[in-house]
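What follows is the residue order along each chain.
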Amino acid sequence: MDVNIKELYEKGINIQKYFKEIKGTKENDIDSILYSYDFQAGSYTREYFDEEVMKDKWILNGRKVDMTRRQVVELRSQYIAEELKNLHAKTILEVGTGEGTNLCDIVLRCDKEIQFSGLELALSRLLYAQKFADLKKVNIDFVCGNMFSLPYKDNSFDVIFLNHCLESNTGKEKEALKELLRVARKYIILLEPSYELGNEETRRRIKELDYITNLQQTLQELNLNVIRNELFPISSRDNNTAITIIEKERGKIETQTTGDSVYACPKCKKGLKRHREAYYCPECFSLYPVFHNIPVLNPDNAVLCSKYESVDCFLNGRGRNEA
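As the structure is a prediction and not an experimental result, all values here were calculated from the model.

**Remarks on the nonpolar core**
Within the largest apolar cluster, 40 residues are counted, with the highest numbers of intra-cluster contacts made by Leu-84, Phe-116 and Ile-189. Sorting elements by how many residues they give to this core places helix α5 (residues 69–86) first, with six residues. Among all residues touching Ile-189, those that are not within four sequence positions of it are Glu-83, Leu-84, Leu-87, Val-159, Ile-160, Phe-161, Leu-162, Ile-243, Thr-244 and Ile-245. Judged by nonpolar contacts, the second largest core, of 35 residues, contains Leu-93, Leu-119, Val-143 and Phe-148.

**Structural notes on the pattern of salt bridges**
Scanning the model with the defined rule gives 20 salt bridges in all. Its salt-bridge partner being Arg-203, residue Glu-200 comes within 3.1 Å of it at the nearest N-O pair. With Glu-200 and Arg-203 both in helix α9 (residues 200–208) and three residues apart, this pair spans about one turn of that helix. Where salt bridges share partners, they join Asp-56, Lys-64, Glu-201 and Arg-237 into one cluster.

**So, the packing of aromatic side chains**
With the rule as written, the count across this model stands at nine aromatic pairs. For the pair Tyr-48 and Phe-132, a centre-to-centre distance of 5.0 Å together with 85 degrees between the ring planes defines the contact as edge-to-face. Pair noted here: Tyr-48 is in helix α4 (residues 43–49) and Phe-132 is in helix α7 (residues 123–136), with a separation of 84 residues, a long-range link. Across the pair, Phe-132 and Tyr-48 agree in class, each one buried. Taking 6.3 Å as the distance between ring centres and 50 degrees as the angle between the ring planes, the aromatic pair formed by Tyr-152 and Tyr-263 counts as tilted. Taken together, the residues Tyr-152 in the loop between β5 (141–144) and β6 (157–163) and Tyr-263 in the loop between β10 (241–247) and β11 (273–275) connect sequence positions 111 residues apart. As far as burial versus exposure is concerned, Tyr-152 and Tyr-263 are alike and both buried. Cluster of aromatic residues (ring-pair linked, three or more members): Tyr-152, Phe-157, Tyr-263 and Tyr-279. Lys-57 extends its terminal NZ or CZ atom over the ring of Trp-58, reaching a point 5.6 Å from the ring centre. One Lys or Arg, Lys-172, reaches over the ring of Phe-148 and ends 5.8 Å from the middle of that ring.

The rules we used
Residues numbered from 1 in each chain as written. Predicted model: local features only at pLDDT ≥ 70, side-chain atom pairs only at ≥ 80, totals over all residues. Heavy atoms only, no water. Core = buried A, V, L, I, M, F, W, Y, C linked by side-chain atoms within 4.5 Å. Buried < 20%, exposed > 50% of the residue type's maximum accessible area, 1.4 Å probe, protein only. Helix = DSSP H or I, 4+ residues; strand = E, 2+ residues; numbered from the N terminus. Contact = heavy atoms within 4.5 Å. Salt bridge = Lys/Arg side-chain N within 4 Å of Asp/Glu carboxyl O. Phe/Tyr/Trp six-rings, centres within 6.5 Å; stacked < 30°, edge-to-face > 60°. Lys NZ or Arg CZ within 6 Å of the ring centre and 35° of its normal.

Distances and angles like these do not, on their own, reveal function.
Take a look at the structure:
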C-alpha cells in the first residue's frame, strides 16, 4: 500500500474510515483495525494518568457527571469485577485488552487465586500493557492474537469478556461469537456500544462509524442464552454501553482444558509446544515468535518450519556420535 499510515494518524485521520474508503466497503478488515490501534498505542496509558476533568462527558446511573478518565476506568473496573465475582470464575480472559488499563484495575479488585489473561491484536499496545501491569504489580498472561482465531484450546476460560472490542467488526459478529463460545467454558460478557438501548447521540455515532447495530438480533439468530442485557452503569454521553451476559448451554459445557498450557495453534487448534523463544505446532508445523515474553499467536505471523524439532535431534545426535 503506497501510503504512510503514520502520517495519516498524525494528521488525525480515522485509519479505519480511510481503509474502508479506499477499499469501497463499510466493513472494517483486520488490517485496518490493527493499524488503527497499533499506531495509537500509548494513548490510553497517557489518558489514565491525565488529571484533566472531562466535563459534560460521562453518564453514571442515568445522570451526567464530571470525571477524569482514570476515575472512569476505576469505576468501570469496579463494576466489571463485581460481575466477575458473581459468576464465580477462576479463569478469565479479556479479548481486546488494549493497554491493560481496565484489566489491571479489575485484577486488583478480584481474588488473587483467579488466573487472568489478556488478548490483543496490536503488539505495541501489549508492550504498554506489560509495563502497566508491572507498575500495578499484577500478574496477567498477555498474548498477541485475534478474536477470530483465538489461540486457546476449547473451554479454556470460565469467563471471557470484551470491553468495546466487538463494536467495529460489523458483518463478522457471528464468526466472532462462535469462536468466543468455543473457548469460553461458562460465560461471555459483552460490554459494547448499544444501538438498541443507547440514546440518539449513541445511535448517530454508531451509524457514522459503521459499527454494529444488530447485536441483539445476532444473539437471537444464534439461539444463545442471554441472561442479562441492560445499559451499563457508566459510559460516555455519546457512546452508551450495554452489558450482555451469555451463559453457555449446560449440555455444551465440557471438561475444562487441563495440562501445562491452554495455548493452541490459531490455525489448526492443536496444542502448542514452547521451545526457546517460540511456540511450535507439531500438527501443522507452524512456528510462532515470542517478543518480550509475549507470545505472538496470530495466523498471519505463523512461519512454516516442518523440521523445527527434527533438526535439533539430528544435530544433537551427530554431536554425540562425533564425540
